[in-house]
Amino acid sequence: QVQLVESGGGLVQPGGSLRLSCAASGRTFGNYFMGWFRQAPDKEREFVAAMSRSGGNTNYADSVKGRFTIGRDNAKATVYLQMNSLKPEDTAVYFCAAGVTSLDSTAPLQSSRYNYWGQGTQVTVSP
């Protein structure tokens, strides 16, 4: 079992930056690939970014490429999402998620691949 707790959300103006963190507790963090998803009001949850167990492989949604960066610190059992050049359409609840794999290269886009989810943190981008 893995417990995930997100932090760092808030209100930011368009063009601004935020850094989300997700602290994990439980089993060995390095065994998990990690991902960030988001859900806006009245919309489906969507993939944002993912990183493999050791951090060597990443995937991003087209809508955030070049603006968001996922990172992880296995010693601190934490995954990050640095968000720059934020837009109003980035407004959503952001969730971190973890999944187990034996392959170090795995960084899935599909939410069904993830076994554990945090409670989410609200990000609002507004003037």
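The shown structure was predicted, so the numbers you read here are calculated from the model rather than taken from an experiment. (Residues numbered from 1 in each chain as written. Predicted model: local features only at pLDDT ≥ 70, side-chain atom pairs only at ≥ 80, totals over all residues. Heavy atoms only, no water.)

A. Geometry of the nonpolar core. Counting residues in hydrophobic clusters, the biggest one holds 38 residues, and the most contacted among them are Leu4, Met34, Trp36, Leu81, Met83 and Tyr94. Residue assignment for this core shows that the elements contributing at least two residues are strand 1 (2–7), strand 3 (18–26), strand 4 (32–39), strand 5 (46–51), strand 7 (68–73), strand 8 (78–83), strand 9 (92–100) and strand 11 (121–125). (Core = buried A, V, L, I, M, F, W, Y, C linked by side-chain atoms within 4.5 Å. Buried < 20%, exposed > 50% of the residue type's maximum accessible area, 1.4 Å probe, protein only. Helix = DSSP H or I, 4+ residues; strand = E, 2+ residues; numbered from the N terminus.)

B. Molecular detail of the packing of aromatic side chains. What the rule picks out here adds up to six aromatic pairs. Taking the centre distance of 5.2 Å and the plane angle of 80 degrees together, the rings of Phe37 and Tyr114 count as edge-to-face. Linking Phe37 in strand 4 with Tyr114 in the loop between strand 9 and strand 10 (116–117), this pair joins segments that are 77 residues apart in sequence. Of the aromatic side chains, those joined through ring pairs into one cluster are Phe33, Phe37, Phe47, Tyr114 and Trp117. For the cation-ring pair, Arg45 lies above Phe95, with the distance from its terminal atom to the ring centre recorded as 4.0 Å. (Phe/Tyr/Trp six-rings, centres within 6.5 Å; stacked < 30°, edge-to-face > 60°. Lys NZ or Arg CZ within 6 Å of the ring centre and 35° of its normal.)

C. Representation of the pattern of salt bridges. All told, the structure shown has five salt bridges when counted by the stated rule. Its salt-bridge partner being Lys65, residue Asp62 comes within 3.2 Å of it at the nearest N-O pair. (Salt bridge = Lys/Arg side-chain N within 4 Å of Asp/Glu carboxyl O.)

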